[in-house]
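# Residue-level structural notes
One-letter residues, chain by chain:
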Amino acid sequence: MSHDGRFAPSPTGELHLGNLRTALLAWLFARSQRARFLMRIEDLDVGRARERFVDSQLADLRALGLDWDGEPVRQSRRQALYAQALARLEREGLVYPCFCSRREIREAASAQHGEDAELVYPGTCARLAPSEARRRVDAGEEHALRLRAEGVVVTVSDRLHGAVTRRVDDIVLRRRDGAFAYNLAVVVDDAEQGIGEIVRGDDLLSSTPRQALLYDLLGLERPSWAHVPLVLGPDRARLAKRHGAVTLRELGERGLGPERVLSLLAASLGLAEEGEQVAPHDLLPRFDPMDLPREPWILDPGELAEAA
Ligand code: GLU
């Protein structure tokens, strides 16, 4: 398996320091192994109005000094690949229509597991008689398509987290509105693009066993994974707009240019001294995945602006 890596932002807004730090890490993993680094725009369910974020995200990554091989791939132009994968799972009897609304799923999940249960689909429609399911589909009832996972338990191995084991629920493969779901698209794309090592934020770790199952069912070789710690605000919540100046544009307006931001990110990873001027390439010889901080980076953007 290659060490080729990628960064796969969803163009739903400007990238913030957390996204930029993950992008830097993904780049470091790939480039320190002399592997390819690819860019993929995850715009499956993003309207055209968000097009400007595609440009701003790529511009920000370039401003930090990151580079990638070839043109960025757009998920919105790859529907045929997802349809093919879905058809393969359908042929194997692994797909069923689900007519549940979000509210019904939430209620059923909390009845089973209590109020703060993660939203795990309880399999209601998996138990419908096939004739009944067909009748409702033929009658034009709106439905999602789900994977018949049958409660299988899957273990994945992560470079930073070790073995992670989880029971996989019946994930959505195609949504009610017809859009292919993230879990299907990400697997199809990473496999098709030859990605051997997936580096991304550790908020996605819990979805990884689901994706590993899809690799297995689609007859694809699993990649390796490295889920890296997130950046959190002072309230310990995932860094977001409301925490203050968190994007490259906002930080720039407060006197922190891209070089300063890169130096800050590198320092947060133990790869540079506080305030040291660095370019991404300078960090390659210093980078060792095993030395990465395992804890989230807690950041108060207000203090950054003052330091500018
Ligand atoms: N598009 C996802 C995001 O921006 C990342 C998906 C991934 O890296 O697998 O959160």
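Summary of the structure given here. All values derive from a computational prediction rather than experimental measurement.

## Here we look at the packing of aromatic side chains
Two aromatic rings are characterised by how far apart their centres lie and by the angle between their planes. Applying the stated criterion to the full structure yields three aromatic pairs. Seen in terms of ring centroids, Phe29 and Phe287 are 5.2 Å apart; in terms of plane orientation they differ by 70 degrees. Their pairing is edge-to-face. Within this pair, whereas Phe29 is found in helix α1 (residues 17–32), its partner Phe287 is found in the loop between α10 (280–283) and β12 (297–298), the two being separated by 258 residues in sequence. On the basis of relative accessible area, Phe29 is assigned to the buried category, the value being 1%. Considering the side-chain rings of Tyr215 and Trp225, the 6.0 Å spacing of their centres and the 85 degrees angle between planes classify their relative orientation as edge-to-face. Here Tyr215, found in helix α7 (residues 208–217), pairs with Trp225, found in strand β10 (residues 224–228); they are 10 residues apart in sequence, far enough to count as distant. In terms of burial, Tyr215 and Trp225 fall into one category: buried. Looking at Arg136, its charged tip hangs above the ring of Phe99, at a distance of 4.2 Å from the centre. Sitting over the ring of Tyr121, Arg146 keeps its end group 3.6 Å from the ring centre.

## Quick word on the site of the ligand
In the region of the ligand, the neighbouring residues are Arg6, Ala8, Pro9, Ser10, Glu42, Tyr182, Val186, Arg200 and Leu204. Between Ala8 and the ligand, the recorded distance is 2.7 Å, taken from a backbone N or O atom to a nitrogen atom. Within the side chain of Ser10, one N or O atom sits 2.9 Å away from a nitrogen atom of the ligand. When the ligand is considered free in solution it has 300 Å² of accessible area, and contact with the protein chains removes 75% of it. Partitioned by chemical class, the residues of the shell around the ligand number five nonpolar, one polar and three charged. Residue assignment places the shell around the ligand across two domains, with domain 1 (5–77 + 229–307) and domain 2 (79–228) each supplying three or more.

The rules behind the values
Going along each chain's sequence as written, the residues are numbered from 1 onward. Under the rules for a predicted model, residues below a pLDDT of 70 receive no local features and side-chain atom pairs below 80 are neither given nor counted, while totals for whole chains, interfaces and linings still include all residues. As a rule here, side-chain values come from all non-hydrogen atoms in the structure, and water together with hydrogens is ignored. Stacked, tilted and edge-to-face are the three classes assigned to paired rings of Phe, Tyr and Trp, where Trp is represented by its six-membered ring and a pair needs centres within 6.5 Å; plane angles under 30 degrees give stacked, over 60 edge-to-face, the rest tilted. Runs of E in the DSSP output that reach at least two residues are strands. Runs of H or I that reach at least four are helices, and both are numbered from the N terminus. Under the scheme applied here, a residue whose accessible area is under 20% of the maximum for its type counts as buried, over 50% as exposed, and between as partly exposed, the area being computed with a 1.4 Å probe on protein chains only. Look at NZ for Lys and CZ for Arg. If either is within 6 Å of the ring centre and within 35 degrees of the ring normal, a charge sits over the ring. We define proximity as follows: a residue is near a molecule or strand when any one of its heavy atoms falls within 4 Å of that partner. Between N or O atoms, a polar contact is any pair within 3.5 Å; within protein, one atom must be a potential hydrogen donor and the other a potential acceptor, and residues adjacent in sequence are included only when both atoms are from side chains. Each accessible area is a Shrake-Rupley estimate made with a 1.4 Å probe; only the visible protein chains count as cover when residues are assessed. Classification used: nonpolar for Ala, Val, Leu, Ile, Met, Phe, Trp, Tyr, Cys and Pro, charged for Asp, Glu, Lys and Arg, polar for all others including Gly. Note that the domain bounds reflect an automated or database-derived domain assignment.

Read these as spatial facts, not as claims about activity.
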